Amino acid sequence: MASAGAGGAPGAPAPPRSRRSVTGTRRAVAALFLLPALVLLGALVVYPIGYSLVRSFYDQSGDGFAGLDNYKALFTDDGIRTALKNNVLWVVFAPTVATALGLIFAVLTERIRWGTAFKLVVFMPMAISMLAAGIIFRLVYDQDPDKGVANAVWVGVHDTFAQSSAFPKAHPGRQSPLEAARGGAFLTREPVRAGSPVSLPLVGVPPDQMPDSAKKAAPATSEPGKVTGTTWQDFTRGKGVGTLGAPDPSELGYAGMRIEAVKDGKVVASTTAAGDGTFSLPEAADGAQLRLPASNFKEAYNGLDWLGPSLVTPAIIGSYIWMWAGFAMVLIAAGLASVPRELLEAARVDGANEWQVFRRVTVPLLAPVLAVVTVTLMINVLKVFDLVFIIAPGSSQDDANVLALELYRKGFSEDQPGIASAIAVFLLLLVIPVMWFNVRRLRREVRR
C-alpha cells in the first residue's frame, strides 16, 4: 500500500522541487549573484544602445523628429563617405596582413632556438596603449629624415642608388662668367681655351652644408693642351674681406661638382672637380662652353610624405599591423601546437616539400584558428579611433577619416548628436554579423 507523502494526501504526487544548477546552486541564488552584473550591463551597454537608436531619429536639438534624415547623411556627407571608404580599406587589409604575418611568424619561430624571444619581441607592442603607439608612429613618419625613422631608411636606400646633390642652392654670384641655361644648368658665357685656366665661382651653399670632402679652394694651374679650372664657393664672411672672382684662403672648393664641355649642344668631354675644386678636361674641350649640369643643383631627396593625403591611411594601417601581428602570432602558435605532428611527418614521407606541407596540411588544419583571428581583428578595426586621431596631422585627418573618428567629430566637435548616433548604430549593425559569425564558429568548436 502506498504510503502518504509527508504533509499530503495518500497517493498524491510529490510537490515540485526547486531546480538546482549543475553545481548545486539554486536559480534564485544564482540570479542574486548575477544581478549586479546585469544591472551594470544594462546601464553601460543596453541603455546606451537603446538611447543611441532613439536619438538617431531626432534632429540636432533633440526635440524634432528627423526620421531617416540622419541615416541619409551617412551616404551623402563627404566626410562620412570618406570614412566609409577608409573603413573598407581597414577591414580588407589590416586583418588580412596581420593574420598572414602572424601565421608566418608562428610557423617560422617553431624551427629556431630563439623563437620564444622573437615571439616576446613581436608581442611586446600589445603592451603599449593605442595612444602611445600613435605618438611613436607620429615620430616614425616625420617628414624630416633626421627625425623620422621611415624617411631616414627610405632616403638612405634612395641615396644608395641615386646620390643627391650637395649643392642644391648654389648659383652664380656677381660678375660671374656663368649664366643660367635650360633645365636648371649653368653655362659659361664664352668658349674656353686650352692652356687658359677657367674660374667657375658660385655662391649660395651654407658652410655647414658643404660636403665633407671639400678642401680649401686652389687656383687652377695651366696645362698645355688641356682646359683646367676651379669651381668654388666664392664667398668670405665679413664686409670687404676676400677677393671677388678668385679663391681666398677661407673658401672651399666644390668637391664632386660635375663639369661638361659642350659643343653644338653635344657633350664632348666631362669631369668631376677634386676636393679643392680644381678640374681638368682633355683637348677636346678646347673651344667649347663649360656647363654645370642641373644634376649638381637638384634638391636633396627628402623621402616620402607618409602623412600626406595619399599615404596617410596605409601608413596608419602599418602602425596597426605592428601592434596586432603579435596578437595573431600568439593565437596561431597556440593552434599550431595542437596540430598532430604525425600528419606533417606523413606528408613529408610521401614526398611533399615544406611549401606543400605548409599549404596543403598546416594551413587547412589551422583554418578555424585563422578564421577566429581574422574575424576578431575585423571587429577591432571597425572601432579603430586612437591611431587615426593621433597619427594623422590636421592637414590630412580628413583623408584618414574613419567611422569612429567621424562619430567623435560629429558628436563633440560639430555638435550633431543625431548624425553621431546614426553612425554609432550603423557601426553596431556592421559589427553584429561579424560577432554572430565568430560566436557561431566558437559554438561549433565546443560541440566538437
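*Asks:* What exactly am I supposed to notice about the overall build of the chain here?
*Replies:* Counting its regular elements, the chain contains 12 helices and 8 strands. The globule rule puts the C-alpha radius of gyration for 448 residues at 22 Å, and the 37 Å found for the chain is more than 25% above it. Taking the principal axes of its C-alpha atoms as reference, the chain extends roughly 145 × 75 × 40 Å. Taking all 448 residues of the chain together, 37% fall into the buried category.

*Asks:* Explain the nonpolar core here, please?
*Replies:* One recurring pattern in soluble globular proteins: nonpolar side chains tend to sit buried together. Counting residues in hydrophobic clusters, the biggest one holds 49 residues, and the most contacted among them are Trp90, Tyr141, Ile316, Tyr320 and Ile332. Those elements giving two or more residues to this core turn out to be α3 (78–108), α5 (130–140), α7 (312–337), α8 (341–349), α9 (354–382) and α10 (386–391). Sort the elements by how many residues they give to this core and α7 lands first, with 15 residues. Among the nonpolar cores identified, the runner-up in size contains 26 residues, and Leu200, Tyr254, Ile259 and Leu281 belong to it.

*Asks:* Just to check I follow, could you spell out the sheet that holds strand β7 (residues 278–281) for this structure?
*Replies:* Strands in a sheet are paired, the pairing made by backbone hydrogen bonds, and the direction either parallel or antiparallel. The 3 strands are arranged β3-β4-β7 in an open sheet whose pairing can be described as mixed. Each end of this open sheet is capped by a strand with a single partner; those strands are β3 (198–202) and β7. Going across the sheet, the axis of each strand differs from the next one's by a mean of 25°, ignoring polarity. In terms of strand pairing, strand β4 (residues 227–233) meets β7 through 4 bridges, oriented antiparallel. Paired with Thr230 across the bridge in β7 is Thr278.

*Asks:* Help me understand the packing of aromatic side chains, please; the structure alone is not making it clear to me.
*Replies:* The geometry of an aromatic ring pair is captured by the separation of the ring centres together with the interplanar angle, meaning the angle of the planes. For the structure on display, the rule yields 21 aromatic pairs. Seen from their ring centres, Trp154 and Trp306 are 6.2 Å apart, and the 85° between their planes marks the pair as edge-to-face. Of this pair, Trp154 sits in helix α6 (residues 149–161) while Trp306 is found in the loop between β8 (289–292) and α7, placing the two residues 152 residues apart along the sequence. The class for Trp306 is buried, based on a relative accessible area of 18%. With a centroid separation of 5.0 Å and an interplanar angle of 75°, the aromatic rings of Phe186 and Phe297 are classed as edge-to-face.

*Asks:* Explain the environment of Ile135 here, please?
*Replies:* Relative to the elements of secondary structure, Ile135 occurs in helix α5. Using a relative accessible area of 44% as the deciding quantity, one classes Ile135 as partly exposed. Measuring from C-alpha to C-alpha, the distance between Ile135 and Ile317 comes to 15 Å, with 182 residues separating the pair along the chain.

*Asks:* Explanation requested: the sheet that holds strand β1 (residues 178–180) in the structure shown.
*Replies:* As summarised here, the arrangement of the 5 strands in space is β1-β2-β8-β5-β6, forming an open sheet in which the pairing is antiparallel. Each edge of the open sheet carries a strand with a single partner, namely β1 and β6 (266–272). Shown here is a sheet whose adjacent strand axes are inclined to one another by a mean of 30°, direction ignored. Of the pairings in the sheet, the one linking β1 to strand β2 (residues 186–188) comprises 3 bridges and is antiparallel in character. Paired with Glu179 across the bridge in β2 is Leu187.

*Asks:* Any chance you could explain the packing of α3 against helix α11 (residues 403–413) here in plain terms?
*Replies:* Relative orientation and spacing of two packed helices are given, respectively, by the angle between their axes and the distance between those axes. Relative to each other, α3 and α11 sit at 155°, their axes nearing to 8 Å. What the angle tells us is that α3 and α11 run roughly antiparallel. Listed contacts from α11 to Gly79, Ile80, Ala83, Leu84 and Asn87 of α3 are Leu403, Glu406 and Lys410. A breakdown of the residues in the contact of α3 with α11 according to their chemical character gives 4 nonpolar, 2 polar and 2 charged.

What counts, and where the lines are drawn
- Along each chain, numbering runs from 1 in the same order as the chain's sequence is written.
- For a predicted model such as this one, the threshold for reporting local features is a pLDDT of at least 70, and the threshold for listing and counting side-chain atom pairs is 80 or more; totals across whole chains, interfaces and linings nevertheless cover every residue.
- The basis for every side-chain value is the complete set of heavy atoms in the structure, and neither hydrogens nor water enter the calculation.
- Only runs of H or I of at least four residues qualify as helices and only runs of E of at least two qualify as strands under DSSP, and these elements are numbered from the N terminus.
- Computation of the radius of gyration draws on C-alpha atoms alone. For the globule rule, the value is 2.2 Å times the number of residues to the power 0.38.
- Exposure is judged per residue with a 1.4 Å probe applied to protein chains only, and the accessible area is read against the type maximum: over 50% gives exposed, under 20% gives buried, and values in between give partly exposed.
- Among buried residues, those of type Ala, Val, Leu, Ile, Met, Phe, Trp, Tyr and Cys that are joined through side-chain atoms within 4.5 Å constitute a nonpolar core.
- Paired strands, as defined in this entry, are two strands with at least two bridges between them according to DSSP.
- Whenever a helix is involved, its axis is fitted only over the stretch in contact; in every case the axis is a line through C-alpha atoms, and angles between N-to-C directions fall within 0 to 180 degrees.
- Only the six-membered ring of Trp is used, alongside the rings of Phe and Tyr, when aromatic pairs are assigned; centres must lie within 6.5 Å, and planes under 30 degrees apart are stacked while those over 60 apart are edge-to-face, with the rest tilted.
- In these notes the angle categories are as follows: under 35 degrees is roughly parallel, over 145 is roughly antiparallel, 65 to 115 is roughly perpendicular, and the rest is oblique.
- Contact between two residues is taken to exist if any of their heavy atoms lie within 4.5 Å; hydrogens are not considered.
- Charged residues are taken to be Asp, Glu, Lys and Arg, nonpolar residues to be Ala, Val, Leu, Ile, Met, Phe, Trp, Tyr, Cys and Pro, and polar residues to be all remaining types, Gly included.

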